[in-house]
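Examination of the molecular architecture
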Amino acid sequence: MPRRVSDGTVLPLALDRDGDTPMHRQLYDQLRGLILEGRLKAGARLPSSRTLSRELDISRNTVTAAFDQLFAEGYLVGKIGAGSFVSDELPEESLTPRRDAVAPGVQQPRRQGLSRRGARLAALRGSRSTRRTPAFSIGLPDLDSFPFDVWSRLMTKAWRRPPRDLLAHAEPAGYLPLRRAIVDYLRTARGVRCEAEQVIVVAGVQQAIGLACHVLLDEGDVALMEEPGYPGVRGALLGAGVRTETAPVDGEGLDIDAGEAAAPTARLVCVAPSHQYPLGVTMTLARRLKLLDWAQRNDGWVLEDDYDSEYRYAGRPLSALQGLDRDGRVVYAGSFSKVMFPSLRIGYLVVPADLAEPFRLARAALDDHPSTIAQPALAAFIEDGHFAAHLRRMRKLYSERRAALAETLEQRLGGGIAIAPSEAGMHLLARLAKDLAPGIADGEIQTLAARHGVTVSALSAYYAGPTTDRGLLLGYSAVPIDRMPDAVERLAKALET
């Protein structure tokens, strides 16, 4: 059925509900094709997401996902209170239409050579936007507070006269002094039982998951992930050729009984027991013991994602699940990206002692060795006490910002939101009342907030399946307290649009 835009242009949109390509991608492809061909002129106003969803008989989340991608790539711009418009300044690639462009209304065929896995990876939800603002970006630390003077001094010292072992082919498991420093830290702060030989340095948690899957699972094996959960986990599992199923998360953490019932052949469970993402709950001891019992009974594995447990604001950080494991079933993963700065891209795996050598050899086969550029400086940063001191400063700072954000939200939005309890991490989860922005999906609110200059994450994007759960994830770690009122006011205006 044709749709008209503000200048009278007819949009010949047609979605194939039985095709392999997700409908939001089909809608994106067709709208982008109309823009590239010039059939949608610069400045043309598109129908609202509500109108398109009704006329195409699809969910508003589907329309919003297509619009989000077009906004992110610069094909659309938003005007507050007016709607979505074709940009006057299109991306450079659109200046010359592609000769192989598919006519609107015709489904884009899969490119020759693109695997089914590649198509699924490209269609995953939850990819990061490169256009980020400090308020309220998730997982973005306060970069202004990092001691870059100390860091630059340690980097200079490491590379002024570097030893030959830093310049030649490196150890596949990573720089040994760094692995020793990681062990000392984990034993003291996280209750992890390990030796340096069990530590594998990686680029981050997603690479850690991929490596663990290559070593422990066969292609087509089933892995359980949390529902809702971090989309990056799904991407890492899919990239390793693993099939995914979900286990629900409630106030006690992941429910392994429900997960086992849904996927009785699962071989791996990916879980964040200390601070679940995005709900922020902490797994109870009873659930932890059940999960370890599941692994022992089923010859399975648990991958523990300990991504931001350093930031706990009530009492000491909880000990890791790995410290309870007596059967060598837990692979523990951590990262320095959120506690230092994201582009550092250094994380680590702690593997069972009897698997240390297979993991080391697999790492060598898949990726040779991790970059050693920052590893010596990071080892010294930990050994000299700078890391612990930085964590102490950031815990205090983030605790104050967390309290300030919660108070400001309560003052401005009152009963319109309910802040989920959480004593750790770098974000708050605000669930939306039915009478706040009624009928508007949280994905669309995410888009509206971006137009008002704030970055929020829709809770629904973290579910693998359909959900009626409506909420916003608000990162506070990079937002100074004196900027909280303005940022919350911008968010409130987006909600009231």
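Predicted model, so just to flag it, every value in this text is computed and none were measured.

The next thing to look at is the sheet that holds strand β13 (residues 417-419). The 4 strands are arranged β13-β14-β16-β15 in an open sheet whose pairing can be described as antiparallel. Only two strands of the sheet have a single partner each, and these edge strands are β13 and β15 (457-458). The sheet contact formed by strand β14 (residues 427-432) and strand β16 (residues 471-475) spans 5 bridges and is antiparallel. Residue pairing in the sheet places L428 in a bridge with L474 of β16.

Moving on: a nonpolar patch on the surface. A cluster of nonpolar side chains, L285, L289 and L324, forms an exposed patch at the surface whose accessible area comes to about 270 Å². Relative to the elements of secondary structure, L285 occurs in helix α11 (residues 285-297). You can call L285 exposed: its relative accessible area is 52%.

Applying the stated criterion across every chain yields a total of 21 salt bridges. R360 is the salt-bridge partner of E171, the closest N and O atoms lying 2.7 Å from each other. Residue E171 is found in the loop between α6 (164-167) and α7 (176-189), and its partner R360 is found in helix α12 (residues 356-367); the two are separated by 189 residues along the sequence. On the basis of relative accessibility, which here comes to 28%, the residue E171 falls in the partly exposed class. The partner of E496 in a salt bridge is R412, and the shortest N-O contact between them spans 3.2 Å. Separated by 84 residues along the polypeptide, E496 in helix α16 (residues 484-496) and R412 in helix α14 (residues 386-413) bring together distant segments of the chain. What you see here is one network of salt bridges that share partners, running through E171, E357 and R360.

The subject of this paragraph is helix α3 (residues 60-72). Over its 13 residues, α3 runs 18 Å from end to end, which matches the ideal 18 Å to within 8%, given 1.5 Å per residue. The set of residues buried in α3 consists of R60, T62, V63, T64, A66, F67, L70 and F71.

Now for the nonpolar core. Core analysis: the biggest nonpolar cluster contains 68 residues, and F136, W151, F336, M340 and L491 have the highest contact counts within it. Considering every element that reaches this core, the biggest residue donor is α14, with 8 residues. Beyond its immediate stretch of four places on either side in the chain, W151 contacts F146, M340, F341, L344, A374, A377, L378 and F381. A208, C213, L355 and A362 belong to the second largest nonpolar core, which has 30 residues in total.

Further remarks concern helix α9 (residues 231-239). With respect to burial, α9 is a largely interior element, 8 of its 9 residues being buried. Within α9 the residues assigned to the buried category are P231, G232, V233, R234, G235, A236, L237 and L238. Where the residues of α9 are buried, they touch α4 (116-122), α8 (205-216), β6 (222-227), β7 (243-250) and β9 (268-271). Looking one or two residues beyond α9, the residue adopting positive phi is G241, at roughly 80 degrees.

Moving on, we get to the environment of M23. With respect to the helices and strands, the residue M23 is situated in helix α1 (residues 23-36). For the pair formed by M23 and V63, sequence separation is 40 residues and the distance between their alpha carbons is 8.7 Å.

What follows is about the environment of R297. On the secondary structure map, R297 appears in helix α11. Side chain to side chain, R297 and E260 meet in a polar contact 3.3 Å long.

For the rest of this paragraph, the subject is the packing of helix α5 (residues 148-160) against helix α13 (residues 375-383). Taken N-terminus to C-terminus, the directions of α5 and α13 make an angle of 125 degrees; their axes are 8 Å apart at the nearest point. Overall, the two elements α5 and α13 adopt an arrangement that is oblique. Of the two elements, α5 crosses α13, and the hand of that crossing is right-handed. Taking contact as the criterion, the partners of V150, W151, L154, M155 and A158 in α5 are, on α13, P376, A377, L378, A380 and F381.

Attention shifts here to the side chain of S87. Turning to its location among the elements, S87 is positioned in the loop between β4 (83-86) and α4. Residue classification places S87 among the buried residues on the basis of a relative accessible area of 6%. Beyond its immediate chain neighbours, meaning those up to four positions away, S87 contacts A42, G74, Y75, L76 and V77.

With that out of the way, let us pick up the sheet that holds strand β11 (residues 330-335). Strand order in this open sheet of 8 strands is β5-β12-β11-β10-β9-β6-β7-β8, and the pairing throughout is mixed. The open sheet terminates on both sides in strands that have one partner only, identified here as β5 (199-202) and β8 (253-254). Across the sheet, α7 is in contact with β5, β11 and β12 (347-350); its angle to β5 comes to roughly 110 degrees.

So, on to unusual backbone geometry. Put simply, E227 and P228 share a cis peptide bond, and its omega is 0 degrees. Of note, P228 is situated in the loop between β6 and α9. With an omega of 15 degrees, the peptide bond between Y277 and P278 qualifies as cis. Mapping P278 onto the fold places it in the loop between β9 and α11. Positive phi, normally seen in glycine, also occurs at A437, with a value near 50 degrees. The topology assignment puts A437 in the loop between β14 and α15 (442-451).

Cut-offs and rules
- Residues numbered from 1 in each chain as written.
- Predicted model: local features only at pLDDT ≥ 70, side-chain atom pairs only at ≥ 80, totals over all residues.
- Heavy atoms only, no water.
- Pairing = 2+ DSSP bridges.
- Helix = DSSP H or I, 4+ residues; strand = E, 2+ residues; numbered from the N terminus.
- Patch = residues over 30% accessible without salt bridge, like charges linked within 9 Å, V, L, I, M, F, W, Y side chains within 5 Å.
- Areas by Shrake-Rupley, 256 points an atom, 1.4 Å probe, with all protein chains shown as cover.
- Salt bridge = Lys/Arg side-chain N within 4 Å of Asp/Glu carboxyl O.
- Buried < 20%, exposed > 50% of the residue type's maximum accessible area, 1.4 Å probe, protein only.
- Expected span 1.5 Å × (residues − 1).
- Core = buried A, V, L, I, M, F, W, Y, C linked by side-chain atoms within 4.5 Å.
- Contact = heavy atoms within 4.5 Å.
- Polar contact = N/O pair within 3.5 Å; in protein donor to acceptor, adjacent residues only side chain to side chain.
- Axes fitted to C-alpha atoms, helices over the stretch in contact; angles between N-to-C directions.
- Parallel < 35°, antiparallel > 145°, perpendicular 65-115°, else oblique.
- Left-handed = near helix turned anticlockwise from the far one by under 90°.

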